[in-house]
Amino acid sequence: MLQIFSVKNTVDFLRHALPISVMSLILVIASFVSLGVQGINWGLDFTGGTVVEMEFSAPVDLNALRATMTTDEAEGAVVQNFGSSRDILVRLPVRNELKSDVQVAAVLTAAQSIDSGVIQKRVEFVGPQVGKELAEQGGLAVIVALICILIYVSFRFEWRLAAGSVAALAHDVIVTLGVFSVLQLEFDLTVLAGLLTVVGYSLNDTIVVYDRIRENFLKMRKATPVEIVNTSITQTMSRTVITTGTTLITVIALFLKGGTMIHGFATALLLGIFVGTYSSIYVASYLAIKLGINREHMLPVEIEKEGADQPSMMP
Amino acid sequence: MLNKYPMWKNIMVMLVIAIGSFYAIPNLFGEDHAVQIVATRGAEVTASTQTSVVDLLKAQGIAVKRAELENGQLLVRVQNPEQQLVAKEAIAELLGQKYTVALNLAPATPEWLEAVGGSPMKLGLDLRGGVHFLMEVDMGEAVRKMEEAKIADFRSQLREEKIRYAGIRKTPNGIAIKFRDAETVDQAETYLKTRSNDMTYTDASSGDEFMLLATMSDAYLKQIKEEALQQNITTIRNRVNELGVAEPVVQRQGAERIIVELPGVQDTARAKEILGATASIEFRMVDDKADVSAAASGRVPPGDEVYQRREGGIAVLKKEVMLTGDHITGAQPTFDQYSRPQVAINLDSKGGSIFSNVTKDNIGKPMATLFIEYKDSGTRNPDGTVKMTRIEEVISVATIQARLGRNFVITGLEHTEAQSLALLLRAGALIAPVTIVEERTIGPSLGAENIQNGVQAMVWGMVVVLIFMMIYYRAFGFIANLALMANLIMVVGVMSMIPGAVLTLPGIAGMVLTVGMAVDGNVLIFERIREELLAGRSVQQAIHEGYGNAFSTIADANITTFMTALILFAVGTGAVKGFAVTLMIGIATSMFTAIVGTRSIVNAVWGGKRVKSLSI
């Protein structure tokens, strides 16, 4: 039988837990710093404004194109390539005194002066108010998702594990946002969708490990929590590698072949899958141990007699 | 016996997969070129329309694939795009102005499939091209209009009851009604409470000023806003129909926004003009006793208002509105005997009786037609919404010659104005102005490109995953691959079955992602089986334990992912919602195929037999 990861010898994963946790902490702090200093490069969906996508009949020189957009109506236009050298994306800010149609017309006129065969492929206008609401809703969605997960995992497992998983998920979201901030990648609605998918995906990994931890606490009566976590991670490692691998393959296919409109989505997932996989091992499980998880916490409630450290069991 | 499914379970698995696949079939047939015929007001598409259209096309030598009459619209399918164009022109000429004839692409699902509810997935705008608008209803204006109507109500109600009031006006706190003494305030309050109980009344008298303050209750305000939104949706839907767009979407979003999607439309300027225009008319009596020059200098008689006249000068009109545009059922642009443009109006029966009473009582007196329009001023408010300007003009003043009924004409317009006023009146007036807060136009070539990209990504991801699973898990990998393909077909099937589900570009991404993540269930199970085998269990026991132990893990993992998808669905709009839908369907179907589906095959092949080793 073909095997990627042998389950025979337990690997001491947690030996590296401290340095890796410190590194994660540094990453989180760095992300916060970057988010504070340069912020996020919000896309049209959130800032409002106008975007025009055009296809030229031949490759165009961006500087020459920029030089044509000198009229007042086209002021503030940001010109960039989008996919190929023939595809151009122009972003226009919201202007109080100017209608979006007028701005678009000015940009098209400028583009036609360079290439009469230019095709307008896509025009999007979003009012600033809509964008603001969207950003609020998006942030709220992530928080609500985390709270729902906290409740579900507490209910199905135990609060220490729930705290560990939510900390790991928050870590994934923050670090992914941090990378978007550091590289100043555009953050649009599809990226938000990607981020929430990362939350779901990364939780998958965590749950699989937790399930094993719960099982092993009941099976391996004499083992220490650290040993049990190590065994559980080792036992699920093959599955983690394979599932992460197949998911990565499909996400890479999306990234390379899916076209420019879902590039942001694929980027967020690509980053999130990396971060999410190691965080489910080193952040989620390690934090649960640090919070003092032990065998009693894992016993089915009915058998629990003493309940000294379980205030909820007190009359 | 270990690892044997009862027959009913196997049949259920086969049935579920068969149904899923069956409803996925319509997606294989592509689309027919078609012509869509919708009746506008006053006309109807009937079986005889269908016969005459089909006969006409036969005479022209155009083969009709199928002609269907459904929901008051006729869809005629032809062979190719050239015939489609010819057919459209011929039909438009035959039927005339009372019908809208538009080009359409209709799913080429065979009739027998359609009969059992089979239809292909609906494609989102990002995949087929078109324009998307998000419109916001100006609720402040809706409330203001309602307050005006209330003021008019109060006037006539108090007058009817012979309660003398000194004046009624709108204040920032509500509607203030002044009286001469405290007694009348009480009298009015008791009376008005029985007549309009959607308002709350407070005695706001102070010193020697006797005043009753009427404010709208929260429930009433909410109702006004709800009605304004609903009415605007209806009106916009009518206008979209007038535009002759195939398969448009008009939908509410939240408390004050409306989504409009027009597939295939590229001329956004025209679409915007018609959708957003808020023109209406009011008929009011001219106060012929008023001194026009005094009114021009600001001394307006009480109960009157001054308006600009289109041809210059002013007109002094009574505040009371005799008839609003709400009662108009039909409007056609025509010409009078001097070739001057005019609009012929038809009223509904209620409007007709009001109008006939009013004109009977006022023969010989002048009546004005007031044209009201909201226009985008080109500037924005600080909060980013577009500032609207209200334009009111008297377009005609005519002396009532005789009692008028339900049909009459309005003059005093220019040719293009007559046409667009007729269109707007026909489609109903917007109760409150709308502004476009979001607009997305996707070219048709980009839509096709997006589909191609998505499908390519899916094929690449799928092929690599299938090959890997086959090599790594051998026979079990093959079974997992069968489940994966069944899963994909079922996602398509379920997407096609759900009427509201729309496939978008992120939706395709969700399907691609499902391919990657759906193997997780099988990987968990297979790894468990391997572990059990390594631990020295028998083959039958290993399979049993493997499936059993992995189940709770798979359930927990999928439920949490499903929760995030649900949240995404709740907060997301448009394309993101599409992604959430495919993700949720994918999770449900992949759990079924990965756990129950593969188990059924595994049991059939290995279950209950003496097996020495497994190909896993």
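Residues numbered from 1 in each chain as written. Chains lettered and ligands numbered in written order. Predicted model: local features only at pLDDT ≥ 70, side-chain atom pairs only at ≥ 80, totals over all residues. Heavy atoms only, no water.

- Per an unreviewed UniProt entry, chain B goes by Protein translocase subunit SecD and derives from Shewanella polaris.
- What UniProt states about chain B under its Function (unreviewed entry) heading is, verbatim, "Part of the Sec protein translocase complex. Interacts with the SecYEG preprotein conducting channel. SecDF uses the proton motive force (PMF) to complete protein translocation after the ATP-dependent function of SecA." (UniProt positions renumbered as here; feature names shortened; annotations may be inferred.)

- The name recorded for chain A in an unreviewed UniProt entry is Protein-export membrane protein SecF, from Shewanella polaris.
- Under Function (unreviewed entry), UniProt gives the following word-for-word description of chain A: "Part of the Sec protein translocase complex. Interacts with the SecYEG preprotein conducting channel. SecDF uses the proton motive force (PMF) to complete protein translocation after the ATP-dependent function of SecA."
- Turning to chain A, the UniProt annotation filed under Subunit (unreviewed entry) states: "Forms a complex with SecD. Part of the essential Sec protein translocation apparatus which comprises SecA, SecYEG and auxiliary proteins SecDF-YajC and YidC."

**Observations regarding the overall build of chain A**
Now for step 1: Across its full length, chain A holds ten helices and six strands.
Now for step 2: The principal-axis extents of the C-alpha atoms in chain A amount to approximately 80 × 50 × 30 Å.
Now for step 3: Considering chain A as a whole, with its 315 residues, one finds that 55% of them fall into the buried category.
Now for step 4: Relative to all contacts within chain A whose residues are 6 or more apart in sequence, the contacts with residues 24 or more apart total 76%.
Now for step 5: For chain A, the computed accessible surface area is about 13600 Å², with 64% contributed by carbon and sulfur atoms.
Now for step 6: Mean positive and mean negative side-chain charge positions of chain A (22 and 28 charges, respectively) differ by 11 Å. (Helix = DSSP H or I, 4+ residues; strand = E, 2+ residues; numbered from the N terminus. Buried < 20%, exposed > 50% of the residue type's maximum accessible area, 1.4 Å probe, protein only. Contact = heavy atoms within 4.5 Å. Areas by Shrake-Rupley, 256 points an atom, 1.4 Å probe, with all protein chains shown as cover. Lys, Arg positive; Asp, Glu negative; His and termini not counted. Charge placed at Lys NZ, Arg CZ, Asp CG, Glu CD.)

**Description of empty space enclosed by the protein**
Think of a ball as big as a water molecule: rolled over the atoms, this probe shows where empty space is left.
Now for step 1: Counting across every chain of the model gives six cavities of 30 Å³ or more.
Now for step 2: When its volume is computed, the largest cavity comes out at roughly 180 Å³.
Now for step 3: Looking at the largest cavity, it is lined by 16 residues, and the ones nearest its centre are B:Met517, B:Ala518, B:Asn558, B:Ile587 and B:Ser590.
Now for step 4: Of the residues that constitute the lining of the largest cavity, the class distribution is eight nonpolar, seven polar and one charged.
Now for step 5: In this structure, the second largest cavity is lined by 13 residues; those nearest its centre are A:Val208, A:Arg212, A:Thr236, B:Leu524 and B:Arg528.
Now for step 6: Mapped onto the lining of the second largest cavity, the elements with two or more residues apiece are helix H7 (189-219) and helix H8 (225-257) of chain A together with helix H14 (505-534) and helix H15 (539-571) of chain B.
Now for step 7: If one sorts the elements of the lining of the second largest cavity by residue count, H14(B) sits on top with four residues. (1 Å grid on protein atoms, 1.4 Å probe; cavity = no way out; pocket = protein on both sides within 12 Å on 5 of 7 lines; lining within 4 Å. Points joined across faces, edges and corners; volume = space filled by probe spheres on them. Nonpolar A, V, L, I, M, F, W, Y, C, P; charged D, E, K, R; others polar.)

**Regarding the UniProt feature "transmembrane region" (unreviewed entry) in chain B**
Now for step 1: Residues annotated in UniProt with the feature "transmembrane region" (unreviewed entry) correspond here to residues 457-475, 482-502, 508-526, 547-572 and 578-602 of chain B.
Now for step 2: Taken as a whole, residues 578-602 of chain B contains 100% helix and 0% strand, while its terminal C-alpha atoms sit 34 Å from one another.

**Re a negative patch on the surface**
Residue and element names in this part refer to chain B.
Now for step 1: Negative charge collects at one region of the surface, where Asp181, Glu183, Asp186 and Asp203 lie side by side.
Now for step 2: Within the secondary structure layout, Asp181 lies in the loop between strand E8 (174-179) and helix H7 (182-195).
Now for step 3: For Asp181, a relative accessible area of 36% puts it in the partly exposed group. (Patch = residues over 30% accessible without salt bridge, like charges linked within 9 Å, V, L, I, M, F, W, Y side chains within 5 Å. Salt bridge = Lys/Arg side-chain N within 4 Å of Asp/Glu carboxyl O.)

**Describing the domain arrangement of chain A**
Reports often express the size of an interface as the amount of accessible area lost when the parts come together.
Residues and elements named next belong to chain A.
Now for step 1: Domain boundaries assigned for chain A yield domain 1 (14-40 + 131-297) and domain 2 (49-126).
Now for step 2: Here domain 1 meets domain 2 over a buried area of about 370 Å², counting both sides, of which 62% is carbon and sulfur.
Now for step 3: Counting across the domain 1 and domain 2 interface gives one salt bridge.
Now for step 4: On inspection of domain 1 and its partner domain 2, the count reaches one residue pair in polar contact (both at pLDDT 80 or more).
Now for step 5: Classifying every residue of the side of domain 1 that touches domain 2 gives one nonpolar, two polar and one charged. (Domains from an automatic or database assignment. Buried area = accessible area lost by both parts, 1.4 Å probe. Polar contact = N/O pair within 3.5 Å; in protein donor to acceptor, adjacent residues only side chain to side chain.)

**A few points about the pattern of salt bridges**
All names here are of chain B.
Now for step 1: Overall, the coordinates contain 40 salt bridges over all chains when judged by the stated rule.
Now for step 2: For Glu532, the salt bridge goes to Arg537, with nearest N and O atoms at 3.2 Å.
Now for step 3: Take Glu532: its relative accessible area is 9%, and that puts it in the buried class.
Now for step 4: Here Arg537 falls in the partly exposed class, since its relative accessible area comes to 37%.

**A closer look at the confidence of the model for chain B**
Now for step 1: Counting all residues, the mean pLDDT for chain B is 84, and 94% of those residues have values of 70 or more.
Now for step 2: Both confidence scores are given for the complex: pTM 0.78, ipTM 0.87. (pLDDT = per-residue confidence, 0-100.)

**So, the packing of aromatic side chains**
All names here are of chain B.
Now for step 1: Inspection of the entire model under this criterion finds 17 aromatic pairs over all chains.
Now for step 2: Ring centres of Phe355 and Phe408 lie 4.5 Å apart, and the angle between their planes is 20°; this geometry places the pair in the stacked category. Of this pair, Phe355 sits in helix H11 (residues 349-361) while Phe408 sits in strand E21 (residues 407-410), and the two are 53 residues apart along the sequence.
Now for step 3: Here Tyr473 and Phe526 contribute two aromatic rings whose centre-to-centre distance is 5.1 Å and whose plane-to-plane angle is 70°, an arrangement assigned as edge-to-face. Residue Tyr473 is located in helix H13 (residues 444-497), and its partner Phe526 is located in helix H14; the two are separated by 53 residues in the primary sequence.
Now for step 4: The exposure class of Tyr473 is buried, given its relative accessible area of 0%.
Now for step 5: Of the residues examined, Phe526 reaches a relative accessible area of 0% and is grouped as buried.
Now for step 6: Above the face of the Phe569 ring, Lys577 is positioned so that its terminal group lies 5.0 Å from the ring centre. (Phe/Tyr/Trp six-rings, centres within 6.5 Å; stacked < 30°, edge-to-face > 60°. Lys NZ or Arg CZ within 6 Å of the ring centre and 35° of its normal.)

**A short note on the environment of B:Lys170**
All names here are of chain B.
Now for step 1: The residue Lys170 is located in strand E7 (residues 167-171) in this model.
Now for step 2: In the structure, Lys170 is positioned 19 residues away from Ile151 in sequence and 8.0 Å away in space, judged by C-alpha atoms.
Now for step 3: Beyond its immediate sequence surroundings of up to four residues, Lys170 is in contact with Glu147 and Ile151.
Now for step 4: At a separation of 3.1 Å, a polar atom in the side chain of Lys170 contacts the side chain of Glu147.

**Examining the sheet that holds strand E9 (residues 199-203) of chain B**
Residues and elements named next belong to chain B.
Now for step 1: Taken together, the four strands give an open sheet; going across it, the order is E7-E8-E10-E9, and neighbouring strands pair in antiparallel fashion. In this open sheet, the two edge strands, each paired with only one partner strand, are E7 and E9. Direction aside, the axes of adjacent strands within the sheet are offset by 25° on average.
Now for step 2: Along the sheet, helix H6 (residues 139-160) makes contact with E7, E8, E9 and strand E10 (210-216), crossing E8 at roughly 25°.
Now for step 3: Sheet strands in contact with H7 are E8, E9 and E10, and its direction is about 20° off that of E10. (Pairing = 2+ DSSP bridges. Axes fitted to C-alpha atoms, helices over the stretch in contact; angles between N-to-C directions.)

**A short note on the environment of B:Val240**
All names here are of chain B.
Now for step 1: Here Val240 is to be found in helix H8 (residues 218-243).
Now for step 2: For Val240, a relative accessible area of 1% gives the class buried.
Now for step 3: If we skip the residues at most four places from it in the chain, Val240 touches Val245, Pro248, Val250, Val260, Leu262 and Leu275.

**Regarding the environment of A:Ile151**
Now for step 1: Looking at the element boundaries, A:Ile151 is found in helix H5 (residues 128-156).
Now for step 2: For A:Ile151, a relative accessible area of 56% corresponds to the exposed category.

**Things to note about the interface of chain B and chain A**
Now for step 1: Chain B puts 68 residues into the contact, and the matching count from chain A is 70 residues.
Now for step 2: Taking both sides of the interface into account, the surface hidden between chain B and chain A amounts to around 6200 Å²; carbon and sulfur atoms contribute 64%.
Now for step 3: Across the contact surface, chain B and chain A share eight salt bridges.
Now for step 4: Between A:Glu124 and B:Arg440 there is a salt bridge, and its shortest N-O distance comes to 2.6 Å.
Now for step 5: Put simply, chain B and chain A have 19 residue pairs in polar contact (both at pLDDT 80 or more) between them.
Now for step 6: Within the residue set of the side of chain B that touches chain A, elements represented by two or more residues are strand E19 (366-380), strand E22 (434-442), H13, H14, H15 and helix H16 (574-606) of chain B.
Now for step 7: If you tally residues by element for the side of chain B that touches chain A, the top one is H14(B), at 17 residues.
Now for step 8: Of the residues contributing to the side of chain B that touches chain A, the split by class is 33 nonpolar, 18 polar and 17 charged.
Now for step 9: Pairing analysis gives five bridges linking strand E5 (residues 119-126) of chain A to E22(B), with the strands arranged antiparallel. Within E22(B), the residue paired with A:Glu124 across the bridge is B:Arg440.

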